[in-house]
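Commentary on secondary and tertiary structure
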Amino acid sequence: MLQISALQLAELLAGIARAQAAVVNGLESELTGVRSGRIVPAVQNVAHLRDHPQPTLVDLPVRALLAAMGRLPPDPATLVKDLERLLSEKPAEAAGEALDFSKPG
């Protein structure tokens, strides 16, 4: 069975974010203003920056993309800390309270 470390996963997320940022930069070179006018606001909305100060697993790749579109690339060490925090949580802790579907009603 393949086992991937938190650092390897962080580096993978950072690489994917860099590739996505390159696509955004290519669009910006063809359609001036599309990055700041359309793409960045949409990505910021999906990142839940205001709703979740600490990223969730869903938010983490989007935040890596935002970092890649900024001046500094995503920091793998920061991604590792977030991944370790998120992946070590029990599902009930992450959701607040576990739902029990085995009981009727």
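Up top is the structure these notes are about.
In what follows, the accompanying structure is described. (Residues numbered from 1 in each chain as written. Predicted model: local features only at pLDDT ≥ 70, side-chain atom pairs only at ≥ 80, totals over all residues. Heavy atoms only, no water.)

What about helix α4 (residues 76-88)?
A rise of 1.5 Å per residue sets the reference length of α4, with its 13 residues, at 18 Å; its end C-alpha atoms lie 18 Å apart and thus fit the reference within 8%. Among all positions of α4, only Leu-79, Val-80, Asp-82, Leu-83 and Leu-86 are buried. Buried residues along α4 sit against α1 (6-30) and α3 (59-69). (Helix = DSSP H or I, 4+ residues; strand = E, 2+ residues; numbered from the N terminus. Expected span 1.5 Å × (residues − 1). Buried < 20%, exposed > 50% of the residue type's maximum accessible area, 1.4 Å probe, protein only. Contact = heavy atoms within 4.5 Å.)

So, the nonpolar core
Soluble globular proteins: nonpolar side chains tend toward being buried together. Core analysis: the biggest nonpolar cluster contains 22 residues, and Ile-39, Val-43, Leu-60, Met-69 and Leu-79 have the highest contact counts within it. Mapped by element, the contributors of at least two residues to this core are α1, α2 (34-46), α3 and α4. Other than its neighbours up to four places away in sequence, Leu-60 contacts Leu-13, Pro-55, Leu-79, Asp-82, Leu-83 and Leu-86. (Core = buried A, V, L, I, M, F, W, Y, C linked by side-chain atoms within 4.5 Å.)

A closer look at the environment of Gln-44
Counting through the fold element by element, Gln-44 comes out in helix α2. Along the backbone, Gln-44 and Leu-65 are 21 residues apart, and their C-alpha atoms lie at a distance of 9.8 Å. Aside from chain neighbours lying at most four places away, what touches Gln-44 is Leu-49 and Leu-66.

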